[in-house]
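As a plain string of letters, each chain reads:
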Amino acid sequence: YNLELNQTVGGTITLETSPSGPWYHFQDYNISAIPAPGYRFVNWLGDQPGLNALSKSALEANNTLSLVESISLSANFEIVNYTVQVDPSTGGSVSGGGSFTVLNNPSISATPLTGWNFSGWVGDTFALASTLANPATVNLSNFPQNLNYIASFERQTFTVEVNIQGNGKVNDSNTSFSSTHPFQHSLNLIPTPIEGWTFTNWLGVPDSQKNDNPLILSVTENLNPTAVFSKNSYTVSIENVPYGLGSGGGTYLFDSNVTLEAVPNKGYSFSHWEGNTSVLPDTTMAKITLNMPSNNLSFTPSF
């Protein structure tokens, strides 16, 4: 008999015995419909003698032909829809998921939020050319199946350069320093003046925070805060006494030079200084220079 097998899109037909004939009356022949990747077998189609020759249902891809006359058959295949699922993680959003066939090569994309970077895809990465590609093409034609992906994101890092103007410490450091922190890290900076100095303000920070102590910053960019320390001012008082004059009183910055001088009246001589004499190298010198300490001073010349 004549056996006509018509190939259709989406698969092939094979005869396991006598694939090229001849085909004889009452002889059984194993026949199979093999779908191509991304397709599935639906049913057998053909003339009535062909359908009658099938030993099993027309829905069975693997079947047997028993010929009693010439027949014509074809296999019906349909394309399969696969799901590409794309999910985000903390730090961004995604797009490109949906339902596709092997005729499509969908593209998936990840969009990081401000302060975040895309760090790669996880999941069925065998269907991607690179886990770092963004956007990434999903090779569904070579991997016809449902596929799942998660976009990973990581926080950006920023540098905080802390400078010191004057004499003091920031977080126990008396010199400028830098540190690296992830996006939105809460950074505490504590300015501590050394003896004779006062914390004045911050530079390089919002005006609303320039006097904060401690200073709490949310690191969302590279930052360059400067802690400003200024010298304290202290007073030197000279008591008025008979028989002479003392000079050098006033307001002085810490660590500055202060000169005291005692001038006796005619007929008198300078004897010594009284008061906060621990800061004087020699209390008997009428004219003497001292280094201003971190406290107020009071002196009385004695004649």
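Keep in mind that this is a model prediction, so the values were computed, not measured.

### Things to note about the overall build of the protein
Item 1. Along the protein, the regular secondary structure elements total one helix and 28 strands.
Item 2. Taking 303 residues into account, the globule formula puts the C-alpha radius of gyration at 19 Å, and the protein, at 47 Å, lies well above it.
Item 3. Considering only C-alpha atoms, the protein reaches an extent of 160 × 30 × 20 Å along its principal axes.
Item 4. Sorting the 303 residues of the protein into buried and exposed places 36% on the buried side.
Item 5. Sequence separation of 24 or more characterises 57% of the internal contacts of the protein that already satisfy a separation of 6 or more.
Item 6. A total of about 16,200 Å² of accessible surface is found on the protein, and carbon and sulfur atoms cover 48% of it.
Item 7. Distance from the positive charge centre (8 side chains) to the negative charge centre (21 side chains) of the protein: 20 Å.

### A few points about the sheet that holds strand S11 (residues 116–123)
Item 1. Read across the open sheet, the four strands follow the order S9-S7-S13-S11; overall the sheet is mixed. The open sheet has two edge strands, strand S9 (98–100) and S11, and neither has a second partner. Pairs of neighbouring strands in the sheet enclose a mean axial angle of 25°, with direction left out of account.
Item 2. In the sheet, strand S7 (residues 82–87) pairs with S9 via three bridges, with the strands oriented antiparallel. Each bridged residue has a counterpart across the sheet, and for valine 84 the counterpart in S9 is glycine 98.

### A few points about the pairing of strand S6 (residues 71–79)
Item 1. Pairing geometry for strand S1 (residues 3–6) and S6, over four bridges, is parallel. Residue asparagine 6 lies in a different strand from S6, and its bridge partner there is serine 74.
Item 2. Here strand S4 (residues 39–46) pairs with S6 via seven bridges, running antiparallel. Across the sheet, arginine 40 pairs through a bridge with glutamate 78, a residue of S6.

### Concerning the pattern of salt bridges
Item 1. Applying the stated rule across the entire model yields one salt bridge.
Item 2. For the salt bridge of arginine 40 with glutamate 78, the shortest nitrogen-to-oxygen distance reads 2.8 Å. Of the two residues, arginine 40 sits in strand S4 while glutamate 78 sits in strand S6, which places them 38 residues apart along the sequence.
Item 3. Taking relative accessible area as the criterion, glutamate 78 reaches 35% and is therefore assigned partly exposed.

### Quick word on the environment of threonine 235
Item 1. For threonine 235, the position within the fold is in strand S22 (residues 233–238).
Item 2. Classification of threonine 235 by relative accessible area gives partly exposed; the value is 32%.
Item 3. Residues threonine 235 and alanine 133, 102 residues apart in the sequence, show an inter-C-alpha distance of 70 Å.
Item 4. Ignoring any residue separated from it by four or fewer positions in sequence, one finds threonine 235 in contact with Gly250, Thr251, Met292, Asn296 and Leu297.

### Some details on the side chain of aspartate 124
Item 1. Position of aspartate 124 relative to the elements: it lies in the loop between S11 and strand S12 (136–137).
Item 2. The side chain of aspartate 124 sits in the buried core without any salt bridge; arginine 40 is the nearest counter-charge, 17 Å away.
Item 3. In contact with aspartate 124, not counting residues within four places along its chain, are Asn146, Leu147, Asn148 and Tyr149.

### Quick look at the packing of aromatic side chains
Item 1. Applying the stated rule across the entire model yields twelve aromatic pairs.
Item 2. When the centroid spacing of 6.3 Å and the interplanar angle of 75° are considered together, the rings of tryptophan 273 and phenylalanine 299 count as edge-to-face. In this pair, tryptophan 273 is assigned in strand S26 (residues 272–275) and phenylalanine 299 in strand S28 (residues 297–302), connecting sequence segments 26 residues apart.
Item 3. In textbook terms, an aromatic cluster arises when at least three aromatic residues are bridged by ring pairs, as seen for Phe270, Trp273, Phe299 and Phe303.

### Focus on the nonpolar core
Item 1. Counting 56 residues, the largest nonpolar core has Ile108, Trp121, Tyr149, Val236, Leu260 and Phe299 as its most contacted members.
Item 2. Once residues within four sequence positions are removed from consideration, tyrosine 149 is found in contact with Val84, Gln85, Val86, Asp87, Ile108, Trp121, Val122, Asp124, Thr125, Ala127, Leu128 and Val138.
Item 3. Counting residues in each nonpolar core, the second largest holds 18 residues, with Trp23, Ile31, Leu65 and Leu73 among its members.

### A closer look at the sheet that holds S12
Item 1. On the basis of which strands lie adjacent, the open sheet formed by three strands has the order S8-S10-S12 and antiparallel pairing. Each end of this open sheet is capped by a strand with a single partner; those strands are strand S8 (92–95) and S12.
Item 2. Sheet topology places strand S10 (residues 107–112) next to S12; two bridges connect them, and they run antiparallel. Across the sheet, residue isoleucine 108 finds its bridge partner in S12, namely alanine 136.

Reading the values: rules and limits
- Residues numbered from 1 in each chain as written.
- Predicted model: local features only at pLDDT ≥ 70, side-chain atom pairs only at ≥ 80, totals over all residues.
- Heavy atoms only, no water.
- Helix = DSSP H or I, 4+ residues; strand = E, 2+ residues; numbered from the N terminus.
- Rg over C-alpha atoms; globule rule 2.2 N^0.38 Å.
- Buried < 20%, exposed > 50% of the residue type's maximum accessible area, 1.4 Å probe, protein only.
- Contact = heavy atoms within 4.5 Å.
- Areas by Shrake-Rupley, 256 points an atom, 1.4 Å probe, with all protein chains shown as cover.
- Lys, Arg positive; Asp, Glu negative; His and termini not counted.
- Charge placed at Lys NZ, Arg CZ, Asp CG, Glu CD.
- Pairing = 2+ DSSP bridges.
- Axes fitted to C-alpha atoms, helices over the stretch in contact; angles between N-to-C directions.
- Salt bridge = Lys/Arg side-chain N within 4 Å of Asp/Glu carboxyl O.
- Phe/Tyr/Trp six-rings, centres within 6.5 Å; stacked < 30°, edge-to-face > 60°.
- Core = buried A, V, L, I, M, F, W, Y, C linked by side-chain atoms within 4.5 Å.

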